[in-house]
Amino acid sequence: MLVVQDIRDRKDTIVESLKKRNWSEEQINVLDKVVVADDKRRSLQTENDHNLNKVNTASKQIGGLMRDGKHDEAESLKSSIAEIKSEIKVKEEEIRAVKLEIEELLLGIPNTLHADVAFGKGEEDNVVVKDWADELPNLGEGALPHWELADKYNLIDFELGVKITGAGFPVFRGKGSKLCRALINFFLEEAEIAGYEEFAPPLMVNAESAKGTGNLPDKEGQMYHMEKDGFYLIPTAEVPLTNIFRGDIIKNEDLPLKVTGYTPCFRREAGSYGSHVKGLNRVHQFDKIEIVQIQTPEKSYETQMEMVAHVERLLEKLELPYRILRLCGGDATFAAAMTFDFEVYSAAQKRWLEVSSVSNFETYQSNRLKLRYRDENGKTQLAHTLNGSALALARIVASLLENHQTPEGIKIPKALIPYTRFDIIN
RNA sequence: GGAAGAAUGGCAGAGCUGGUUUAAUGCACCGGUCUUGAAAACCGGCGUGCCUUCACGGGCACCGGGGGUUCGAAUCCCUCUUCUUCCGCCA
């Protein structure tokens, strides 16, 4: 959520950003509406504080008069502030209403994009910041997509998932299941080496947490909701991991905070159908290791590049052909100021699969989370939050199977063998 | 699931028969005096948010969350949440 003061201070920048997100002039007018509503809020606040001060002063006087036994004077003072009291009641209701109005307007405004983010309509305009330097692998005619490989080697049973739960809930078995377990351990240990503290958070969160990271109300339809208890199944570990710090004021010297965690992720994926969701390309439940950092505004972009480098290292160790994109305005996530997407080339499907997304949210999440730090002058400031997948299992499994298939079987990359304790699936 | 008790500023801990408490006191922390330096001692500072002011400053709100009673609530009432203890049930 944007900070109202920012809209006052750097409106031009925000307008520019909204244009990058292809907002119309009319939509951009919401900024003025916010400022108008906030002006109203301020004047109401001033008037109300003034009234409260009168009542407070009178109450103290009444206390004194009562002690002195001057009951008549006390009574007349009481009746003299009755009118102010009812005025306070009205004003407080108005303040409540205008605050709600401001929040609703703000919730509809996406984060302000970093100046380096390009204009663009959609996916096709994303900027490739690092392309795969070598020739893309060509596996020839016999190459199989991962769902056929999964079937051939008895790694994943999609039908069984349908029986137990429904479509989009694959069941891993045998070496398929072991491969998942190995990847989880590999990713967690790599994160630990990179200085992240590991957490095993709850898989359900309350509404307050979902709101903190911006999943509510923006993406309500994407989450599974337990109505009876008011909980949401997490769509990513980002939600519980970032909410660890909700409401905190962190000491400057403790930054950056680096946390990681493995969790299953649950997504309703309402409205996605067709061939591009086949196999593991898009599922309702998948495993993911997330990395999260809390950082100062001065260093957050440096940190984002560090996280990008971490993900790169993982993909290199898994020996997968990848490229890095900087999302353009038209494709950028609502809450992010800048996002890098990682895509792995699937030689069998002959397409790029998104496997990671590393975002800097600047203060967009921390404003809702009330996550602050104390700067070198002792002043509290909103911290910057960042997160990235490192990495998401289902699609990594898909690309591992497809890219490392040979006539003899699927070769396990060297870095992973200590975790799988087998070097080939055949 | 039932019963009782509790929730106060970074921590500990008063206040809880409603009005000089503007939340005492201690510890921690920061600055200063003293000291070659440090410790000790002493002095001062020490929460968050909002409104207002060019500024100095002033005002308002916050004692787990929400609501109520009252001229006035940390203090009384209702409600929710969490914790502790006990009982029941159960991996």
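Preceding this section is the structure that the text describes.
A quick note: this is a predicted structure, and the numbers were derived from the prediction, not measured. (Residues numbered from 1 in each chain as written. Chains lettered and ligands numbered in written order. Predicted model: local features only at pLDDT ≥ 70, side-chain atom pairs only at ≥ 80, totals over all residues. Heavy atoms only, no water.)

Novice: Explanation requested: the pattern of salt bridges in the structure shown.
Specialist: Side chains that carry opposite charge are capable of pairing whenever their charged atoms lie near each other. What the rule picks out here adds up to 17 salt bridges. Arg42 is paired through a salt bridge with Asp38; the nearest N and O atoms lie 3.6 Å apart. Taken together, the residues Arg42 and Asp38, both in helix α4 (residues 30–67) and four residues apart, mark about one turn of the helix. Among the residues examined, Asp38 registers a relative accessible area of 4% and is labelled buried. Across the salt bridge formed by Arg323 and Glu343, the nearest N and O atoms sit 2.8 Å from each other. You can see Arg323 sitting in strand β11 (residues 322–326) and its partner Glu343 sitting in strand β12 (residues 338–346), a full 20 residues away along the chain. The network of salt bridges with shared partners includes Arg8, Asp38, Asp39, Arg41 and Arg42. (Salt bridge = Lys/Arg side-chain N within 4 Å of Asp/Glu carboxyl O. Helix = DSSP H or I, 4+ residues; strand = E, 2+ residues; numbered from the N terminus. Buried < 20%, exposed > 50% of the residue type's maximum accessible area, 1.4 Å probe, protein only.)

Novice: Honestly, the pairing of β11 in this entry has me stumped. Any pointers?
Specialist: Put simply, side chains in a regular strand alternate between the two faces of the sheet. β11 sits mainly inside the fold: five of its five residues count as buried. Burial of the side chains of β11 extends over both faces: Tyr322, Ile324 and Arg326 are buried on one face and Arg323 and Leu325 on the other. Here strand β1 (residues 127–130) pairs with β11 via three bridges, running antiparallel. Opposite Lys130, over in β11, you have Ile324 as the bridge partner. (Pairing = 2+ DSSP bridges.)

Novice: Teacher, can you tell me more about the side chain of Glu362 here?
Specialist: Tracing the backbone shows Glu362 in strand β13 (residues 351–362). An unpaired buried charge is present at Glu362: no salt bridge exists, and Arg10, the closest side chain of opposite charge, is 5.2 Å distant. Polar side-chain contacts of Glu362 include one of 2.5 Å to the side chain of Tyr301. In this structure Glu362 touches His114, Tyr301, Ala337, Ala383, His384 and Thr385, once residues within four positions along its chain are discounted. (Lys, Arg positive; Asp, Glu negative; His and termini not counted. Polar contact = N/O pair within 3.5 Å; in protein donor to acceptor, adjacent residues only side chain to side chain. Contact = heavy atoms within 4.5 Å.)

Novice: Would you explain the nonpolar core in this entry?
Specialist: The tendency in soluble globular proteins is for nonpolar side chains to be buried as a group. Ranked by internal contacts, the top residues of the largest apolar core, which has 54 residues, are Leu183, Phe187, Leu315, Leu318, Phe342 and Ile396. With eight residues, helix α9 (residues 175–193) is the single largest residue contributor to this core. Ignoring sequence-local partners within four residues, the contact set of Leu183 consists of Leu318, Leu393, Ile396, Val397, Leu400 and Leu416. Within the second largest apolar cluster, 26 residues are counted, among which are Leu18, Leu31, Val34 and Leu44. (Core = buried A, V, L, I, M, F, W, Y, C linked by side-chain atoms within 4.5 Å.)

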